[in-house]
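Examining the three-dimensional arrangement
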Amino acid sequence: MATEVRRNDHRRPGQWISTRIHRFHAGAGFRQRPVIVCDTGPLVALANTRDEHYVAANNLFRDLLMAGERILMSPMVVAETCYWLNHHGGPEVEAAFLDSIVDGTFTVVDLTTADIARMAELVRRFASFPLGGTDASVVAVAERYDAHEIATFDRRHFSSMVPRLGGHFTLLPETF
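Conventions and cut-offs
Residues numbered from 1 in each chain as written. Predicted model: local features only at pLDDT ≥ 70, side-chain atom pairs only at ≥ 80, totals over all residues. Heavy atoms only, no water. Buried < 20%, exposed > 50% of the residue type's maximum accessible area, 1.4 Å probe, protein only. Helix = DSSP H or I, 4+ residues; strand = E, 2+ residues; numbered from the N terminus. Pairing = 2+ DSSP bridges. Core = buried A, V, L, I, M, F, W, Y, C linked by side-chain atoms within 4.5 Å. Salt bridge = Lys/Arg side-chain N within 4 Å of Asp/Glu carboxyl O. Axes fitted to C-alpha atoms, helices over the stretch in contact; angles between N-to-C directions. Parallel < 35°, antiparallel > 145°, perpendicular 65-115°, else oblique. Contact = heavy atoms within 4.5 Å. Nonpolar A, V, L, I, M, F, W, Y, C, P; charged D, E, K, R; others polar. Left-handed = near helix turned anticlockwise from the far one by under 90°. Expected span 1.5 Å × (residues − 1). Arc of directions from axis to C-beta.

Every other side chain in a regular strand lies on the same face of the sheet, so the side chains alternate between the two faces. Here strand E1 (residues 35–38) shows no split at all, with Val35 and Val37 on one side and Ile36 and Cys38 on the other all buried. Both E1 and strand E2 (residues 70–73) contribute to a ladder of 3 bridges, which runs parallel. When the sheet's bridge partners are listed, Val37 is paired in E2 with Leu72. Sheet topology note: the E1/strand E4 (residues 149–151) ladder contains 2 bridges and is parallel. When the bridges of E4 are listed, Val37 appears paired with Ile150.

Glancing now at the nonpolar core. With 48 residues, the main nonpolar core has Leu43, Phe61, Ile71, Met73, Phe97, Phe106 and Met161 as its most contacted residues. Looking at this core element by element, the count peaks at 7 residues for helix H2 (residues 54–66).

Before going further, it helps to examine the pattern of salt bridges. With the rule as written, the count across this model stands at 6 salt bridges. Between Arg144 and Asp115 there is a salt bridge, with the nearest N and O atoms lying 2.6 Å from each other. One end of the pair, Arg144, is in helix H6 (residues 133–144); the other, Asp115, is in helix H5 (residues 113–125), with 29 residues separating them in the sequence. The partner of Arg118 in a salt bridge is Glu143, and the shortest N-O contact between them spans 2.7 Å.

Another point: the packing of helix H3 (residues 75–89) against helix H4 (residues 91–102). Where H3 meets H4, the axes come as close as 6 Å, and the angle between the chain directions of the two elements is 150°. Between H3 and H4, the interaxial angle falls into the category roughly antiparallel. The segment H3 lies against H4, with Val78, Thr81, Cys82, Leu85, Asn86 and Gly89 engaging Pro91, Val93, Glu94, Phe97, Leu98 and Ile101. Residues belonging to the contact of H3 with H4 are distributed by class as follows: 8 nonpolar, 3 polar and 1 charged.

This next bit is on the sheet that holds E1. Spatially, the 5 strands line up as an open sheet ordered E3-E2-E1-E4-E5, and their pairing is parallel. Edge positions in the open sheet fall to strand E3 (107–108) and strand E5 (170–172), since each of these has one partner strand only. Lying over the sheet, H3 contacts E1, E2 and E3, oriented at roughly 80° with respect to E2.

This next bit is on the packing of H5 against H6. Viewed as axis vectors pointing N to C, H5 and H6 meet at an angle of 130°, and their least axial separation amounts to 8 Å. When the axes of H5 and H6 are compared, the pair comes out oblique. When you trace H5 past H6, the crossing you get is right-handed. Here H5 contributes Asp115, Arg118, Met119, Leu122 and Val123 to the contact with H6, which in turn contributes Gly133, Ala136, Ser137, Val139, Ala140, Glu143 and Arg144.

So, about H5. When the terminal C-alpha atoms of H5 are compared, their 18 Å separation across 13 residues agrees well with the 18 Å that a helix rising 1.5 Å per residue should span. The complete set of buried residues in H5 reads Asp115, Arg118, Met119 and Leu122. The buried residues of H5 occupy one face: seen down the axis, they fall within an arc of 105°. Among the exposed residues of H5, those pointing more than 90 degrees away from its buried face are Thr113 and Arg124. Buried residues along H5 sit in contact with H3 and H6.

In structure tokens form, the structure reads like this:
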């Protein structure tokens, strides 16, 4: 079921996803749906119409949800996103983001011990960036779910990441 984007939304900037993008809940089981792993940047940009990446984030999430993509994120991305949303938009914006997880717009996946070991490996390997734990968690989750696409505006870190099994990640949106 899709809902319309509100074009004349007069609420304050920073309101969350429920009025910013089309929603799509596919009837197929999660295992049959393609997956993408999400970093913090697009989530924060989506919450603020004044953000320079807002339009790109809005278009990205609209397209992903309309295509039936399952959008995964690590608990570390949730925590980082909550921090930035509360800091820049307040508790209501943060709570609305959390509501979007409860309603199934986004899926939080637990980190396994193997994920955390991979994160430690990546943080050590890319210490000169520095690569933090949150970005490393995005890579670890993408590898575990065999997701080849990552939603991020962070080209500096993620363009250097090579999945454990080889190849490369496709970073979305492709342009912004």
